[in-house]
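Chain residues, written in single-letter form:
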Amino acid sequence: DFFLSGDLATVAEQRFRKALEISEELVAEHPNVPKFVASQADILFKLAETLRRAGNATDAQGLLRRSLDLQSSLARRFPNVLGYTIKTTRLEFELARLLREKGEESAARSLLESSTSRLEELMQKKPPKWPIDWILGLHYSELTSLLRDMNDPEAAETVESRARQIGVQIPMHPPHRHRRH
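Counting from 1, residues in each chain are numbered in the order their sequence is written. A pLDDT threshold of at least 70 governs which residues receive local features in this predicted model, and a stricter bar of 80 or more applies before side-chain atom pairs are shown or counted, although totals over entire chains, interfaces and linings include all residues. Processing note: side-chain calculations cover all non-hydrogen atoms of the structure and skip hydrogens and water entirely.

1. Structural notes on the overall build of the protein
The test is simple: Under the DSSP-based scheme used, a helix requires at least four consecutive residues in state H or I and a strand at least two consecutive residues in state E, with every element numbered from the N terminus. Buried, partly exposed and exposed residues are distinguished by accessible area as a fraction of the type maximum, computed with a 1.4 Å probe on protein chains only: under 20%, between the cut-offs, and over 50%, respectively. Here, residues are in contact when the closest pair of their heavy atoms is within 4.5 Å. Note on areas: Shrake-Rupley with a 1.4 Å probe; residue coverage comes only from the protein chains shown. For the charge count, each Lys or Arg is scored as positive and each Asp or Glu as negative, with His and the chain ends excluded. Charge positions are represented by NZ for Lys, CZ for Arg, CG for Asp and CD for Glu.
For the protein, the count of helices and strands is 7 helices and 0 strands. Along the chain direction, N to C, the helices and strands of the protein fall in the order α-α-α-α-α-α-α. Principal-axis analysis of the C-alpha atoms gives the protein an extent of 50 × 40 × 25 Å. Within the protein, the proportion of its 181 residues that are buried is 43%. A separation of at least 24 residues holds for 65% of the contacts in the protein among residues at least 6 apart in sequence. On the protein, roughly 10,200 Å² of surface is accessible, and the fraction owed to carbon and sulfur atoms is 53%. One finds the centroid of the 27 positive side-chain charges in the protein at a distance of 4 Å from the centroid of its 26 negative side-chain charges.

2. A word on unusual backbone geometry
Its identity is not glycine, yet Asn-151 carries a phi of approximately 60°, on the positive side. Along the chain, Asn-151 turns up in the loop between helix H6 (132-149) and helix H7 (153-166).

3. Digging into empty space enclosed by the protein
Take a probe with the size of a water molecule and roll it over the atoms, and the empty space left behind shows itself. So the rule is basically this: Only protein atoms enter the 1 Å grid, on which a cavity is a set of points fitting a 1.4 Å probe that cannot get out and a pocket is an open set with protein on both sides within 12 Å along at least 5 of 7 lines, lining residues being those with an atom within 4 Å of a point. Grid points are joined across faces, edges and corners, and a volume is the space filled by probe spheres set on the points. Each residue gets one label: Ala, Val, Leu, Ile, Met, Phe, Trp, Tyr, Cys and Pro are nonpolar, Asp, Glu, Lys and Arg are charged, and the others, such as Gly, are polar.
According to the stated counting rule, one finds 1 cavity of 30 Å³ or more in the structure shown. Approximately 30 Å³ is the volume found for the largest cavity. Lining of the largest cavity is provided by Glu-49, Arg-52, Glu-94, Arg-97, Leu-98 and Glu-101. When residues of the lining of the largest cavity are traced back to their parent elements, those giving at least two are helix H2 (34-53) and helix H4 (82-101). The element contributing the most residues to the lining of the largest cavity is H4, with 4 residues. Partitioned by chemical class, the residues of the lining of the largest cavity number 1 nonpolar, no polar and 5 charged.

4. With respect to the layout of surface pockets
Taken as a whole, the largest pocket encloses approximately 300 Å³ of empty space. Mapped by element, the contributors of at least two residues to the lining of the largest pocket are helix H3 (57-77), H4 and helix H5 (105-125). In the lining of the largest pocket, the residues fall into 5 nonpolar, 4 polar and 5 charged. The wall of the second largest pocket is formed by Ile-86, Lys-87, Arg-90, Phe-93, Glu-94, Pro-131, Trp-134, Ile-135, Leu-138 and His-139. Looking at the lining of the second largest pocket, the element that brings in the most residues is H4, giving 5 residues. Of the residues that constitute the lining of the second largest pocket, the class distribution is 6 nonpolar, 1 polar and 3 charged.

5. Concerning the side chain of Thr-89
Checked against the element boundaries, Thr-89 lands in helix H4. The contact partners of Thr-89, leaving out residues within four places of it in the chain, are Ser-115, Arg-118, Leu-119 and His-139.

6. Some thoughts on the environment of Leu-99
For Leu-99, the position within the fold is in helix H4. Separated by 89 residues in the primary sequence, Leu-99 and Thr-10 have C-alpha atoms spaced 23 Å apart. Those residues within four positions of Leu-99 in sequence are excluded, and the remaining contacts are Gln-61, Arg-65, Glu-104, Ala-107, Ala-108 and Leu-111.

7. What about the pattern of salt bridges?
Quick reminder of the rule: Salt bridges are counted wherever a side-chain nitrogen of Lys or Arg sits within 4 Å of a carboxyl oxygen of Asp or Glu.
The tally for this structure, following the rule as stated, stands at 17 salt bridges. Put simply, Lys-18 and Glu-21 hold a salt bridge, and the shortest N to O gap is 3.5 Å. Pair noted here: Lys-18 and Glu-21 are both in helix H1 (residues 6-29), with a separation of 3 residues, about one helical turn. Overall, the relative accessible area of 40% leaves Glu-21 in the partly exposed class. In this structure, Arg-118 engages Glu-92 in a salt bridge whose closest nitrogen and oxygen atoms are separated by 2.7 Å. One end of the pair, Arg-118, is in helix H5; the other, Glu-92, is in helix H4, with 26 residues separating them in the sequence. Since its relative accessible area comes to 6%, Glu-92 is described here as buried. In this structure, a network of salt bridges that share partners links the residues Glu-49, Arg-52, Arg-53 and Glu-101.

Written out as C-alpha cells, the structure is:
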C-alpha cells in the first residue's frame, strides 16, 4: 500500500482542510446547490484518503462517513442523477475497505452487500456511458474476498454465482488482507 511521506502528507492534509473550510462556508451560504455539496463530499473523501494513507485510519473513517452522508443525501434528493448514486457506492466501497483493514468485517460486509445490491439494480437499467458492470465486478471481488476471510466460503460462492448469473466479470481476487495493529 502506498503511504505519503510525512512532509507530503502534512502538506496535502493542510490543503484539503483549507479546501474543506472554504467548501463548508460555501455550502452554508448556498445549501441548495447540489454541486457545492458534491464538491464537499469529494473534498472529505480526498482528505480521508490522505489521512488513511498516512496511517490515520480513525480520522479517515470519520471523514469517509461524513462524505458518505453528504453523497447519500444527494443520491436520495436527486435519484435521477446516476452519478450521485454511483459515487455513493464508491464511498461505501472505500469505507468497507477501511473497516476491513481495521478488522470490522461485519460492518464492511453490510456496506458491501448494500452497495452491491444497489449496483445490481442499476445494472438492470443498463444506463449508457456508465461502466456499472466493471464497478459491480470490483464490489463482487472485494465482497467474495471478505467472505472468504470471514471463513464463509459458501456465501462467497453464492456471490460469485450471482455475478456469473448476471454476466459480470469478477476481477482477479485481491489477496487476503492483513489487519493493521
